[in-house]
Amino acid sequence: MADFRLIKVTKGPKTLLIDNPTNFPLIGMGAQGAVFKLSEERCVKIYSNTLQAQMELEALKAGQHLAFFPRLYDFGENYIVMEYFNAPTLKEYLRNCTYIPESITRKLLYILGEMRKAQFTMVDAPLRHIFVMENEELKVIDHVNAFKRVHPVPLKLLRDLNMMLLKESFLSRVKKMEPATYEMWQQYFNENKLDYRNIPVTSGGDGEGVKVDSAISQTLIGAGHQGAVYRVSEDKCVKIYGKPEHCEMEQRILLANQDLTFIPKVYETGDNYVVMEYLVGPDLNTYLKKQTTLPPVVTKLLLEILTSQKQAGFKQIDAPLRHVFVTNSGFKMVDHVYSFSRLQERPLELFQNLHERGFLAEFLEQIKILDPATHAEWTRTPIPLTEEEVQMEIRDIPTVLPGKSSRRKGHGQKGYGGKKAKGHDKDRDHKKGKEHGKENDRKKGKDKDRDRKKEQGRDHDKGKDREHGGKRDSKDNKKHNSNKDQDKKKGNDRKKGSDKK
Amino acid sequence: MVNLPLLNEKVHYLSEIFSPQEYVEKNNISLIHAHHAQLGLLLLPFKEETSLPLVTSIRGRDATLANQPVGYLDGMKMLFDQGELFLPVCQYLAHRINLWGCPPEKIRVLYGGVDLNLFPYRGPNLQGSQNIVSIGRLVEKKGHHVLMQAFKKIKSKFPKATLTIIGGGELEEYIKSLATQLNLGTSFRLLNRVPKSQVPELMAQADIFCAPSLTAANGDVEGIPNTIKEAMATGIPVLATTHAGIPEIITNNKDGVLVRENDVDHLAQALEFMLLNRHLWRRYTLAARKNVEQNFDQSKQLLLQAKYYDELLGGS
């Protein structure tokens, strides 16, 4: 068999690029490296970055005395040959469990304790990095960040358990089995409690989602391009923005439209945050995934949102399914940053979303009955279903925000009139999915693929000196906007937009 | 107001609760009722944090160890220890959980009831048609495959007879191919994706209702299938198996006919017996309706459930 050293792993625009002339199968790929199976006992992890190979090597060496570490067999500058585990991950093992078994809790606590003793700063592991061997012995892989990241509390582990509804039973057991550990975690969470008036989110820069301090990730509901949303109480959440401009744009739209039933209630605002009503219930995309037909009431309520947007003077008429929440007091919609700075006359993203769910035809039929005029308007030209076509139909316009007190007043607000800030970091490009969405729905099939494609596009753009995005932000903006051809040409770049000025 | 199924103001989501104590106080909650053992387990931490009493219903699926998640039996033992009250839906399941370690003083059998208004008694169909109907998800324990084989055995004697199975599920393909294999032709039909609201109407077209339930290879069992209660309320003669809780609702040759589970020949004989003895149908169905009115009436069963809640809360 050929030498695994012939395999080349390099960093691609988004994912790693693999050139594998050997027959060793690829069994896993992460951000730093790809893993190939060499035999039933061995695998090799090949890194695109030698520094990360070194970091992991250091951690593996430091942990060789630990039974739950993979054995280290061989290494080179960019690779490590280690033990291969042909076993289910802990996530798979715990499937359908509604209360975490005592034995697993005990083993996890043992592992975390040993990591601490070995002076790892990262005392944590996500469920997918933990393997369950036949005798229920646990093995933990991926130690690249063992000495780099600081997780005194197993944040990833708790996050994953929470998604499986097992966090509460885990904590309950920890409290009984290791009260001191439990106390330490509680203290950590208390110290890192979210103080939204003292903002920990920063803009991720070009094409990146906002960066979120992981210490408070337990109450994080979602993070996207412009901001991160945290639950702060039974009925409130706070959206924290990376940029005050975004905050002001959305704040004013929300405040000026509090009388619209689909707009979430706002309780408090600050320079970088808005405290608003926490929406209990699934988003419409999640809801529709479970339906075999499109309930007419859904169409009716969506039409109501779109109609009232129009009546309220919104420039962008749309209701992406993942931004609409089905609450017991009606449909609510989040994410309105661009409602007054993008001109879009028909709900293109909604069409796209419904098409993905297989409900577009049904939706249009129901609209035709409910509101023939709107139906005619929407279908006058063919409905675009590819990203490219959709982007061609959306135009950036100078932001004209509604006034805080009276709607549709306040033309040319300071800093906004005519200055279309930020490029086209459309919400749907959010690296981490929707901001308001529930976390566990974030990384699902199609959406993920689509996001990944966009990420690629975005990263390509980076290398090009941000010609497009950059210029759009400059004073030339108006000129570009008035030039239709230019605009068309750039239509496709819209989604790759840069956050940088 | 949105009123989609499971999305209305009465429905709350466990994962959306931010602070259990505040939530319980705000909504004035005094008791938790989990409708499956697995849900009881899931609610234990919530119970621990709020000190609320926990009532858990026990259904057929809860009483098997096969195909359960890791640590299931240990979890059940913990639930029996920490939960205050268990409401198995039949004696059979009460006995099972008792064997697993649930203290008898925590067990009250609570039969599930049917809404008698939805299933008014219309008496047996004596027109001469021979439509056999079975309703239930297409899973092994429902025993549809045994019924199809038994039906095949009597088909030549009763050329007018038809068999209708109503339900959807994992065995759909198997059931379809079995029908082809047995050459049942147009005398057999499978109706899947039938909305619940249409069940009373479909049931009313039946001459004989058959519930051939059995213990699945993985150990999965029934409690007392609701469809049996609904058929009995409607006044359709019922043919079922001596499986799990079914003998608690049907006494053979009194309010229906019982046969051994998973026994094609026995079931075929009983089908033949039923089809040849129409004169017994009225007697069976009158006794069955009376039985359901007494022991399986939803409104009565809900009152009984409320009584159990009161006992637990120290009220009257």
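Residues numbered from 1 in each chain as written. Chains lettered and ligands numbered in written order. Predicted model: local features only at pLDDT ≥ 70, side-chain atom pairs only at ≥ 80, totals over all residues. Heavy atoms only, no water.

A.B. asks: In this structure, what is going on with the overall build of chain A? I would like to understand it.
C.D. replies: What chain A contains, in helices and strands, is 17 helices and 18 strands. For chain A, the residues scored as buried account for 56% of the 501 residues in total. A sequence separation of at least 24 residues applies to 67% of the contacts in chain A between residues at least 6 apart. For chain A, the exposed area adds up to about 22,300 Å²; of that, 50% sits on carbon and sulfur atoms. (Helix = DSSP H or I, 4+ residues; strand = E, 2+ residues; numbered from the N terminus. Buried < 20%, exposed > 50% of the residue type's maximum accessible area, 1.4 Å probe, protein only. Contact = heavy atoms within 4.5 Å. Areas by Shrake-Rupley, 256 points an atom, 1.4 Å probe, with all protein chains shown as cover.)

A.B. asks: Would you explain the interface of chain B and chain A in this entry?
C.D. replies: Where interface size is given, it is often the accessible area lost as the parts come together that is meant. Across the boundary between the two partners, chain B contributes 26 residues, which contact 36 residues of chain A. Together, the buried faces of chain B and chain A total about 2,400 Å²; carbon and sulfur atoms form 65% of this surface. Counting across the interface, chain B meets chain A through one salt bridge. Counting only elements with at least two residues in the side of chain B that touches chain A, the list comes to helix 1 (20-26) and helix 2 (37-50) of chain B. The biggest single contributor to the side of chain B that touches chain A is helix 2 of chain B, with seven residues. Split by residue class, the side of chain B that touches chain A holds 16 nonpolar, five polar and five charged. (Buried area = accessible area lost by both parts, 1.4 Å probe. Salt bridge = Lys/Arg side-chain N within 4 Å of Asp/Glu carboxyl O. Nonpolar A, V, L, I, M, F, W, Y, C, P; charged D, E, K, R; others polar.)

A.B. asks: Could you clarify how one ought to interpret the sheet that holds strand 12 (residues 236-241) of chain A in this entry?
C.D. replies: The strands that make up a sheet pair up through hydrogen bonds in the backbone, lying either parallel or antiparallel. All names here are of chain A. Spatially, 10-11-12-14-13 is the arrangement adopted by the five strands of the open sheet, whose pairing is antiparallel. Among the strands making up the open sheet, the edge pair consists of strand 10 (220-223) and strand 13 (266-269). Averaged over neighbouring strand pairs, the angle between their axes works out to 20° when direction is ignored. As paired strands, strand 12 and strand 14 (residues 273-277) are joined by five bridges and run antiparallel to one another. For Lys 239, the partnering residue across the bridge sits in strand 14 and is Val 274. (Pairing = 2+ DSSP bridges. Axes fitted to C-alpha atoms, helices over the stretch in contact; angles between N-to-C directions.)

A.B. asks: Can you help me understand the packing of helix 8 (residues 226-234) of chain B against helix 10 (residues 281-295) of chain B in this one?
C.D. replies: In helix packing, the relevant descriptors are the interaxial angle and the interaxial distance, both defined with respect to the helix axes. All names here are of chain B. Where helix 8 contacts helix 10, the axes come no closer than 7 Å and their chain directions differ by 120°. If you check the angle between helix 8 and helix 10, you find them oblique. Note on packing geometry: the crossing formed by helix 8 with helix 10 is left-handed. Contacts from Lys 229, Met 232 and Ala 233 in helix 8 reach Thr 285, Ala 288, Arg 289, Asn 291 and Val 292 in helix 10. (Parallel < 35°, antiparallel > 145°, perpendicular 65-115°, else oblique. Left-handed = near helix turned anticlockwise from the far one by under 90°.)

A.B. asks: Can you help me understand helix 3 (residues 102-117) of chain A in this one?
C.D. replies: Residues that lie three or four places apart on an α-helix share one face, since the helix turns once every 3.6 residues. All names here are of chain A. If you check helix 3, its first and last C-alpha atoms are 22 Å apart, about what 16 residues at 1.5 Å a residue would give, namely 22 Å. Taken together, the buried residues of helix 3 touch helix 2 (90-93), strand 8 (130-132), strand 9 (138-140), helix 4 (155-163), helix 5 (167-177) and helix 6 (179-191). Positive backbone phi, at 65°, marks Gln 119, one or two positions downstream of helix 3. (Expected span 1.5 Å × (residues − 1).)

A.B. asks: How should the packing of helix 5 of chain A against helix 2 of chain B be read in this particular structure?
C.D. replies: Closest axis-to-axis distance for the helix 5 of chain A/helix 2 of chain B pair is 8 Å, and the angle between their directions is 55°. Considered as vectors, helix 5 of chain A and helix 2 of chain B are oriented oblique to each other. Here helix 5 of chain A runs over helix 2 of chain B; the crossing is left-handed. Contact residues: Glu168(A), Ser169(A), Ser172(A) and Lys176(A) in helix 5 of chain A; Pro45(B), Glu48(B) and Glu49(B) in helix 2 of chain B. Across the contact of helix 5 of chain A with helix 2 of chain B, the residue classes tally to one nonpolar, two polar and four charged.

A.B. asks: What exactly am I supposed to notice about unusual backbone geometry here?
C.D. replies: Across residues other than glycine, the phi torsion is negative in most instances, and most of the peptide bonds are trans. Residue and element names in this part refer to chain B. Located in the positive-phi region is Asn 183, a residue other than glycine, with phi close to 60°. Considering the arrangement of structural elements, one finds Asn 183 in the loop between helix 6 (172-181) and strand 6 (188-191). Phi angles above zero are rare outside glycine, and Asn 262 is one such case at about 55°. Examined against the element boundaries, Asn 262 turns out to sit in the loop between strand 9 (257-259) and helix 9 (264-276).

A.B. asks: Just to check I follow, could you spell out a nonpolar patch on the surface for this structure?
C.D. replies: A cluster of nonpolar side chains, contributed by Ile18(A), Leu26(A) and Met29(A), occupies part of the molecular surface with about 250 Å² of accessible area. Relative to the elements of secondary structure, Leu26(A) occurs in strand 3 (residues 26-29). (Patch = residues over 30% accessible without salt bridge, like charges linked within 9 Å, V, L, I, M, F, W, Y side chains within 5 Å.)

A.B. asks: Would you take a moment to explain the pattern of salt bridges for this structure?
C.D. replies: Opposite charge on two side chains makes pairing possible when the charged atoms of those side chains draw close. All names here are of chain A. The final tally for this structure, using the stated rule, is 29 salt bridges over all chains. Arg 5 is the salt-bridge partner of Asp 74, the closest N and O atoms lying 3.7 Å from each other. Of this pair, Asp 74 sits in strand 6 (residues 72-75) while Arg 5 is found in the segment before strand 1 (8-11), placing the two residues 69 residues apart along the sequence. Residue classification places Asp 74 among the partly exposed positions, given a relative accessible area of 29%. A salt bridge links Glu 136 to Lys 107; the shortest N-O distance between them is 2.8 Å. Of this pair, Glu 136 sits in the loop between strand 8 and strand 9 while Lys 107 sits in helix 3, and the two are 29 residues apart along the sequence. Owing to a relative accessible area of 27%, Lys 107 belongs among the partly exposed residues under this scheme.

A.B. asks: Quick question: what am I supposed to make of the sheet that holds strand 3 (residues 85-88) of chain B here?
C.D. replies: All names here are of chain B. On the basis of which strands lie adjacent, the open sheet formed by three strands has the order 1-2-3 and parallel pairing. Edge strands, defined here as strands with exactly one partner in the open sheet, are strand 1 (32-34) and strand 3. Ignoring which end each strand starts from, the neighbouring axes of this sheet average 20° apart. Inspection of the sheet shows strand 1 paired to strand 2 (residues 54-58) by three bridges, in the parallel sense. By the bridge assignment for strand 2, Ile 32 is matched with Leu 54. Taken strand by strand, helix 4 (residues 91-99) contacts strand 2 and strand 3, and its axis lies near 135° from that of strand 3.

A.B. asks: Explain the confidence of the model for chain A to me, please; I cannot follow it from the model alone.
C.D. replies: Reading predicted coordinates in detail is not appropriate for stretches of low pLDDT. Residue and element names in this part refer to chain A. Across chain A, the average pLDDT comes to 79, with 74% of residues at 70 or higher. Taken as a whole, residues 404-434 scores under 50 in pLDDT and shows 114 contacts with residues more than four places along the chain or in a different chain. Note that pLDDT drops below 50 for residues 437-501; the model gives that stretch 124 contacts with residues more than four away or on any other chain. (pLDDT = per-residue confidence, 0-100.)

A.B. asks: Looking at this structure, I do not really get the packing of aromatic side chains. What am I missing?
C.D. replies: All names here are of chain A. A full pass over the atoms with the stated rule returns 13 aromatic pairs over all chains. On the basis of an interplanar angle of 40° and a centroid distance of 6.0 Å, the ring pair of Phe 85 and Phe 131 is categorised as tilted. One end of the pair, Phe 85, is in the loop between strand 7 (79-83) and helix 2; the other, Phe 131, is in strand 8, and 46 residues separate them in sequence. On the accessibility criterion, Phe 85 (6% relative accessible area) is buried. Feature note: the residues Phe 68, Phe 69, Phe 120 and Phe 147 constitute an aromatic cluster, connected by ring pairs. Seen from the ring of Tyr 73, Arg 42 lies directly overhead, with NZ or CZ sitting 3.8 Å from the centre. One Lys or Arg, Lys 236, reaches over the ring of Tyr 267 and ends 4.8 Å from the middle of that ring. (Phe/Tyr/Trp six-rings, centres within 6.5 Å; stacked < 30°, edge-to-face > 60°. Lys NZ or Arg CZ within 6 Å of the ring centre and 35° of its normal.)

A.B. asks: Quick question: what am I supposed to make of the pairing of strand 5 (residues 42-47) of chain A here?
C.D. replies: For a regular strand, side chains alternate in direction, first toward one face of the sheet and then toward the other. All names here are of chain A. Of all six residues that make up strand 5, five are buried, and the element is covered over most of its length. Note that strand 4 (residues 33-37) and strand 5 share five bridges and pair antiparallel. Paired with Lys 37 across the two strands is Cys 43, which belongs to strand 5. Counting the residues in the hairpin turn of strand 4 and strand 5 gives four residues. With five bridges connecting them, strand 5 and strand 7 associate as antiparallel partners. What sits directly across from Cys 43, in strand 7, is Met 82.

A.B. asks: I would appreciate a short explanation of the confidence of the model for chain B in the present structure.
C.D. replies: Overall, the prediction assigns chain B a mean pLDDT of 93, with 97% of residues at 70 or greater. As a predicted assembly, this complex carries a pTM of 0.75 together with an ipTM value of 0.85.

A.B. asks: Explain the side chain of Glu16(B) to me, please; I cannot follow it from the model alone.
C.D. replies: You can see Glu16(B) is positioned in the segment before helix 1. Residue class for Glu16(B) comes out buried when judged on its relative accessible area of 9%. A polar atom in the side chain of Glu16(B) sits 3.1 Å from the backbone nitrogen of Gly281(A). (Polar contact = N/O pair within 3.5 Å; in protein donor to acceptor, adjacent residues only side chain to side chain.)

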